[in-house]
Amino acid sequence: MINQAPEKILIINSQFSIINYFQVFFVQPQYFFARLNNQIMLLRAAQTTFLFLIFSLCLMQPFFYFSGLRVIATDFLFLAAFALWLLALIFRQTKFRRHDFFWLLVFYFLTMAVSVVFSVNPRSSLIKLLAELYLLSLPVLAFNLIGTEAELRRALHVWLAATGFVVSVGVVSIFVFYLDRDSRLLSYTLFSFGSLPPGNYPRLMLTFLNANMLCNYLSVSLLILLILRKLGRVNLKIFSALLAGILICSIFTVSAGLGGIALCLGVWLWLEYRKSNLFVARSSLLAGGLAGVALVFALLISPNLHPTAPFVVELPFSETRIAPSARIMTWTDSWKTFLENPLTGRGLGQDACYVTYFDSSGFMQTLTDAHNVWLNLAAQTGVFGLLAIILIIYYLSRRTFPLNFDRRESVYRIGLGLAFFGAFVYQGIGGSYE
């Protein structure tokens, strides 16, 4: 509460609200700045805004373009959270928390900056560099705003709340697909078949830009759900509903990323049951591993003999002929781009390849993305950018071990480590998720 003493001096109670601050600011601004340094309002506001940012990660639609880049709600929330955090630093309401990992981020940024200097289109690459600086500051901001286990749990619960919204839209979209194929909802929530054979099934993208991004998001959601359930922070009914929704919507993305979900789930179940039920543990690990390997091989083969195939393979002892997938074509062309520009790449944000491809629906597609994390970075930023991302992957992967649920901290460490591996390393084989 705000009271005015006879001497007209404002006294701010410890239970003040943000609204009180605005009242003070407009009525007697001198007291606003005098008291601000002794409160933690800015830090709390930054943390709250960051929670909204986490929720907004599932909302990649709607969007608009700015200088050729998509802008979504998350971008505005980031600016707000970052500005509030900077003000909290200025008013000494918090301190900057450093971590050795930040040096890897700096090295990664410098490799991209060098590629901008030698880019075939420096202006375009510079705009992309600013966007990359924004993305690289996200882990720094998260590390500074989430400092306790309670704050981490809160952030994970917010992620799951957003996941609940996404899978609800997904389940509704599946029902609508089979009940009312002409519904306007489907024009927003369904993705094209792409290289997949067309059929009587919905391919979901929901609130994302494509089906693969949705699968990527849900793969992280699954591990977060398993973490909180393991720690007893999600009751059985909510866990079961979310688990069913995540798995159903993931399947209807018909994405190669399903292999990463299967692999990580298999590892988690192996860790969960290896001491109590060895058969279930080994079976889960074997099934997850086989699914992961099988879907990587699925990336290599086109479901149809498209006329744009650079070659055709005839299987021995069979009349079957198979053509390389569009990813094989983009990988090959991106490798050529890297060999032409091995040190600094073609330029950050520039086309890693140029491939024309007839998909299974008979539409001509022009692909300029490598559809692979390492090849895309190598083609754009050269060998040093490739080295930077390999070091980042090595560092975070190493931190995931040992694989043993011996403490509460290990549940977070292993779960988030598997989420990173499944969403970035595994799915990075067939998509540019850097």
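Just so it is clear, the structure is predicted and the values come from calculations on it, not from any experiment.

### Considering the overall build of the protein chain
Then comes step 1: A tally of regular secondary structure across the protein chain gives 15 helices and 8 strands.
Then comes step 2: Radius of gyration (C-alpha) of the protein chain: 25 Å, near the 22 Å computed for a compact globule of 434 residues.
Then comes step 3: Seen along its three principal axes, the alpha-carbon backbone of the protein chain occupies a region of about 100 × 55 × 50 Å.
Then comes step 4: Across the 434 residues of the protein chain, 45% fall into the buried class.
Then comes step 5: Taking as baseline every contact in the protein chain between residues at least 6 positions apart, the subset at least 24 positions apart corresponds to 65%.
Then comes step 6: With an accessible surface of roughly 22,600 Å², the protein chain has 67% of that area assigned to carbon and sulfur atoms.
Then comes step 7: The protein chain carries 31 positive and 19 negative side-chain charges, and their two centres are separated by 12 Å.

### Some words on the pairing of strand β8 (residues 364–367)
Then comes step 1: Summarising the sheet, strand β7 (residues 355–358) and β8 pair through 4 bridges and their orientation is antiparallel. Note that in β8 the partner of T356 across the bridge is T366.

### A few points about helix α6 (residues 122–145)
Then comes step 1: End to end, α6 covers 34 Å across 24 residues, agreeing with the expected 34 Å (1.5 Å per residue, within 8%).
Then comes step 2: At S137, α6 is deflected by roughly 25 degrees, the largest bend along its length, and proline P139 occurs up to four residues later in sequence.
Then comes step 3: Taken residue by residue, α6 has S125, L129, E132, Y134, L136, S137, L138, V140, L141, N144 and L145 as its buried positions.
Then comes step 4: Structurally, α6 contributes buried residues whose contacts are with α3 (41–56), α4 (73–90), α5 (101–117) and α7 (149–179).

### Remarks on empty space enclosed by the protein
Then comes step 1: Following the criterion strictly, the structure yields 2 cavities of 30 Å³ or more and no others.
Then comes step 2: Quantified by volume, the largest cavity comes out at close to 90 Å³.
Then comes step 3: Around the largest cavity, the lining comprises 13 residues; the ones closest to its centre are A256, G257, L299, Q427 and G430.
Then comes step 4: The class makeup of the residues in the lining of the largest cavity is 6 nonpolar, 6 polar and 1 charged.
Then comes step 5: Size it by volume and the second largest cavity reaches roughly 30 Å³.
Then comes step 6: Lining the second largest cavity, in full, are S219, L223, G260, I261, C264, L418, A419, G422 and A423.
Then comes step 7: Contributions of two or more residues to the lining of the second largest cavity are made by α9 (211–230), α11 (258–273) and α15 (408–426).
Then comes step 8: Of all the elements, α15 adds the most residues to the lining of the second largest cavity, at 4 residues.

What counts as what
- Throughout this description, residue numbers start from 1 for each chain and increase along the sequence as written.
- Residues qualify for local features only when their pLDDT is at least 70, as the model is predicted, and side-chain atom pairs are given and counted only at 80 or more; totals for whole chains, interfaces and linings, by contrast, use all residues.
- As a rule here, side-chain values come from all non-hydrogen atoms in the structure, and water together with hydrogens is ignored.
- Here a helix means four or more residues in a row that DSSP labels H or I, a strand means two or more in a row labelled E, and each is numbered from the N terminus.
- The reference for a compact globule is 2.2 Å times residues^0.38; the radius of gyration itself is calculated from the C-alpha atoms.
- Each residue gets one of three labels from its accessible area relative to the maximum for its type: buried under 20%, exposed over 50%, partly exposed in between, using a 1.4 Å probe on protein chains only.
- Here a residue-residue contact requires only that any non-hydrogen atoms of the pair lie within 4.5 Å.
- Using a 1.4 Å probe, the Shrake-Rupley method yields the accessible areas, and only the shown protein chains count as cover for residues.
- Note that His is not counted, nor are the chain ends; the positive residues are Lys and Arg, and the negative ones are Asp and Glu.
- In this description, the location of a charge corresponds to atom NZ of lysine, CZ of arginine, CG of aspartate or CD of glutamate.
- Only strands that DSSP links by at least two bridges are regarded as paired with each other.
- The span you would expect from a helix comes to 1.5 Å times its residue count less one.
- What the bend at a residue measures is the angle between two axes, fitted to the seven residues ending there and to the seven starting there.
- Buriedness for pockets is judged along seven lines, at least five of which must meet protein on both sides within 12 Å for an open set on the 1 Å grid over protein atoms alone, while cavities are sets there where a 1.4 Å probe fits but cannot get out, and lining residues have an atom within 4 Å of a point.
- Grid points are joined across faces, edges and corners, and a volume is the space filled by probe spheres set on the points.
- By the convention adopted, Pro, Cys, Tyr, Trp, Phe, Met, Ile, Leu, Val and Ala count as nonpolar, Lys, Arg, Asp and Glu as charged, and the other residues, Gly among them, as polar.

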